[in-house]
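Observations on the three-dimensional arrangement
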Amino acid sequence: MTSPLRVGVIGLGFMGRTHLAAYLRAARDGLPVRLCAVCDRGAGADWRERLGAAAGNLGTGNGVSRDELEGVRLFTDAAEMLATPAEQSGVDAVSICTYTDTHAPLAVAALRAGKHALVEKPVAVRAEGVQSVLEAARAAPGLRCVPAMCMRFWPGWDWVRERVRDGSLGRVRALALERMGAGPTWGAEFYRDEERCGGALVDLHVHDTDFLCWLFGPPREVTSVGSARHVTTLYRWGEPGANGVDARGAGLAAGAPVSAEGAWGLPQAAGFRMRFRVAFERAWAEFDLARERPLRVFGEDGAALEGAPTGAGEDGLSAYDLQVRHFVGLCLGREREARASIEDALIAARVLDAERESLRTACAVAVGV
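Values in this document were obtained by computation on a predicted structure and should not be read as measured data. (Residues numbered from 1 in each chain as written. Predicted model: local features only at pLDDT ≥ 70, side-chain atom pairs only at ≥ 80, totals over all residues. Heavy atoms only, no water.)

**Some thoughts on the overall build of the chain**
- The number of helices and strands found in the chain is twelve helices and 14 strands.
- Rg of the C-alpha trace for the chain: 21 Å, near the compact-globule value of 21 Å for 369 residues, within the 12% margin.
- With the C-alpha coordinates aligned to their principal axes, the bounding extent of the chain is approximately 60 × 45 × 45 Å.
- Taking all 369 residues of the chain together, 54% fall into the buried category.
- Across the chain, the fraction of contacts at a sequence separation of at least 24, relative to all contacts at a separation of at least 6, is 73%.
- For the chain, the accessible area works out to roughly 15,600 Å², and carbon and sulfur atoms hold 49% of it.
- Taken as two groups, the 43 positive and 47 negative side-chain charges of the chain have centres that lie 1 Å from each other. (Helix = DSSP H or I, 4+ residues; strand = E, 2+ residues; numbered from the N terminus. Rg over C-alpha atoms; globule rule 2.2 N^0.38 Å. Buried < 20%, exposed > 50% of the residue type's maximum accessible area, 1.4 Å probe, protein only. Contact = heavy atoms within 4.5 Å. Areas by Shrake-Rupley, 256 points an atom, 1.4 Å probe, with all protein chains shown as cover. Lys, Arg positive; Asp, Glu negative; His and termini not counted. Charge placed at Lys NZ, Arg CZ, Asp CG, Glu CD.)

**Thoughts on the pairing of strand 10 (residues 258-264)**
- Summarising burial for strand 10: five of the seven residues are buried, a large majority.
- Pairing between strand 7 (residues 172-181) and strand 10: seven bridges, direction parallel. Along strand 10, the bridge assignment pairs Leu 175 with Val 258.
- Relative to strand 10, strand 9 (residues 230-236) is paired through six bridges, and the arrangement is antiparallel. By the bridge assignment, Val 231 is partnered in strand 10 with Gly 262. (Pairing = 2+ DSSP bridges.)

**As for the packing of aromatic side chains**
- In this structure the tally under the stated criterion is 13 aromatic pairs.
- Aromatic pair Trp 157 and Phe 211: ring centres 4.9 Å apart, planes at 75°, arrangement edge-to-face. With Trp 157 in helix 6 (residues 157-166) and Phe 211 in helix 10 (residues 206-216), the pair connects residues that are 54 residues apart, well separated along the chain.
- According to the relative accessible area criterion, Phe 211 is buried, its value standing at 1%.
- For the ring pair Trp 157 and Phe 287, a centre distance of 5.6 Å and an interplane angle of 70° mean the geometry is edge-to-face. Note that Trp 157 is positioned in helix 6 and Phe 287 in strand 12 (residues 283-288), a separation of 130 residues in sequence. (Phe/Tyr/Trp six-rings, centres within 6.5 Å; stacked < 30°, edge-to-face > 60°.)

**A few points about the side chain of His 19**
- Topologically, His 19 is positioned in helix 1 (residues 14-28).
- Owing to a relative accessible area of 2%, His 19 belongs among the buried residues under this scheme.
- Every residue in contact with His 19, bar those within four places of it in the chain, is listed here: Ser 95, Cys 97, Leu 118, Glu 120, Gln 323 and Val 324.

**Side note on the environment of Ala 26**
- Considering the arrangement of structural elements, one finds Ala 26 in helix 1.
- With 299 residues separating them along the chain, Ala 26 and Arg 325 place their C-alpha atoms 6.8 Å apart.
- Once residues lying within four places of it in the same chain are set aside, the contact partners of Ala 26 are Leu 31, Val 33 and Arg 325.

**Notes on the sheet that holds strand 13 (residues 295-299)**
- Here we have eight strands laid out as an open sheet, ordered 13-12-11-7-10-9-8-14, and mixed in their pairing. With partners counted over all chains shown, the strands left at the sheet margins are strand 13 and strand 14 (365-366), one partner each.
- The strands touched by helix 6 within the sheet are strand 7, strand 11 (273-280), strand 12 and strand 13, with strand 11 carrying the most contacts at an inclination of about 20°. (Axes fitted to C-alpha atoms, helices over the stretch in contact; angles between N-to-C directions.)

**Description of helix 6**
- For helix 6, the complete set of buried residues consists of Trp 157, Trp 159, Val 160, Arg 163 and Val 164. On an axial view of helix 6, the arc spanned by its buried residues comes to 155°, and they lie on one face.
- In this fold, the buried residues of helix 6 make contact with strand 7, helix 10, strand 11, strand 12 and strand 13.
- Residue Gly 167 follows helix 6 closely and has a positive phi angle near 65°. (Arc of directions from axis to C-beta.)

Here's what the structure looks like:
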């Protein structure tokens, strides 16, 4: 039998609690993983009660009881956690769920300490920060370092990737993504500082930028309008090849318009919007998180396409659950190929850097990938 992967979660805010709940659910379902430690500078003596009340939100589908946290060691310093020997609540792997400007330094420290790392997005505000993590990961070939690009696991979104790859519905003729909300209601001081968080451009819009790179590879050029708090970007992959297919964006029809809009600033009452619309040559698909069955797919005749998923997570597991289980499998050697890599995170960061420059200059900007 495989020894359980011993995991620690660094940062017990919104996403840290989500990772924690996903690890505990994986353990309940019989996966060889054990939550051994948590780290949070502001945790008090009642941290188990507070986590029991707060964890499991954001769609993980399960709560956390105080009993499940018995035996889990609390650290208030990440360096101490990473240096703790195995016989003293040491860990094999960590989830890094702190503020964005600490992600890269903590990931580098974890790798140098011999720990696998699941790093919340964005790995860094700018590409050079991601590059430092990539260099540390390359210097530790026996370890896994994975960016938490959860849209690659999101029900319905992974279906689009499969259709782009297998070509069963034809090429993509148009694709529009939308991700908008009121902005985080926690960490107000941090999220007001765009140098530290990157604004909605980096913290929110990164999901759609990464998803497009996952579908079609890195774009050749971007044109962005708006601001770091509300951005709309048009992506271009390349000139048409001899056969009429875009020479750089595999799966795209020549000249297909591809755009993404990301924003903070909606009223709280408006809720959170996560949508896409994609026109294939032989089908139309649309996703709206607000619907009970988020994904709808229609064939050429206008009828609902048989066999298409609903986007509702039919197996009861959220994207966060699937992401954590994939990470555990990678660390234990049960899975070989990471669905998202630090190289992927670097590509997305370089595209975002180009989008930021396009906002500044009001011009199209080539992507340096």
